[in-house]
Amino acid sequence: MVDKLGAEGFMKELSNGFRLLMDSDKGMITFDSLKRNLALLGLQDMNDEEVVCMLREGDLNGDGALDEMEFCTLMFRLSPALMKSSRTLLVETLVNEM
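A quick note: this is a predicted structure, and the numbers were derived from the prediction, not measured.

Asker: Is there a simple way to explain the nonpolar core in this structure?
Answerer: One recurring pattern in soluble globular proteins is that nonpolar side chains are buried together. Formed by 15 residues in total, the largest nonpolar core has its most connected members in Ile29, Leu34 and Phe71. Secondary-structure elements contributing two or more residues to this core are α1 (2-21), α3 (48-58) and α4 (68-78). Every residue in contact with Leu34, bar those within four places of it in the chain, is listed here: Leu21, Ile29, Leu41, Val51, Met54 and Leu55.

Pasting the structure below:
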């Protein structure tokens, strides 16, 4: 996917995914916003405990929700293909910033 979209395009897609799942009032993915949008991910059968576990997996600062950076980090960690291409993405991003 990174190969198709490039670094900037890929990061935009992650940001779009975050905005799709977030609570627009809080600017974060909360339990309620994730639960409400599970069908978009094909995960409508998840129970509350599984949703909490999913949030905990990515919640680096312990506030019970996911900000955009935590969401992106979680997406990279959960996808082996993204992990392999993350070095390429990082290099491309750094080159574009210079």
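Asker: Mind showing me how you'd approach α4 here?
Answerer: Each full turn of the α-helix corresponds to 3.6 residues, which orients residues three or four apart in the same direction. What α4 keeps buried is the set Glu70, Phe71, Cys72, Leu74 and Phe76. Where α4 starts, the residue carrying a side-chain oxygen 3.1 Å from the main-chain nitrogen of Met69 turns out to be Asp67.

Asker: What am I meant to see in the pattern of salt bridges here?
Answerer: Two side chains of opposite charge can pair, provided their charged atoms sit close to one another. Taken as a whole and judged by the stated rule, the model has one salt bridge. A salt bridge links Lys35 to Asp48; the shortest N-O distance between them is 2.7 Å. Placement of the pair is Lys35 in helix α2 (residues 31-37) and Asp48 in helix α3, with a sequence separation of 13 residues.

Asker: Can you walk me through the environment of Ser15 in this structure?
Answerer: Tracing the sequence through the fold places Ser15 in helix α1. Separated by 54 residues in the primary sequence, Ser15 and Met69 place their C-alpha atoms 9.3 Å from one another. A distance of 2.5 Å separates polar atoms of two side chains, one belonging to Ser15 and the other to Glu68.

Parameters at a glance
- Residues numbered from 1 in each chain as written.
- Predicted model: local features only at pLDDT ≥ 70, side-chain atom pairs only at ≥ 80, totals over all residues.
- Heavy atoms only, no water.
- Core = buried A, V, L, I, M, F, W, Y, C linked by side-chain atoms within 4.5 Å.
- Buried < 20%, exposed > 50% of the residue type's maximum accessible area, 1.4 Å probe, protein only.
- Helix = DSSP H or I, 4+ residues; strand = E, 2+ residues; numbered from the N terminus.
- Contact = heavy atoms within 4.5 Å.
- Polar contact = N/O pair within 3.5 Å; in protein donor to acceptor, adjacent residues only side chain to side chain.
- Salt bridge = Lys/Arg side-chain N within 4 Å of Asp/Glu carboxyl O.

Geometric descriptors of this kind do not, in isolation, establish any biological role.
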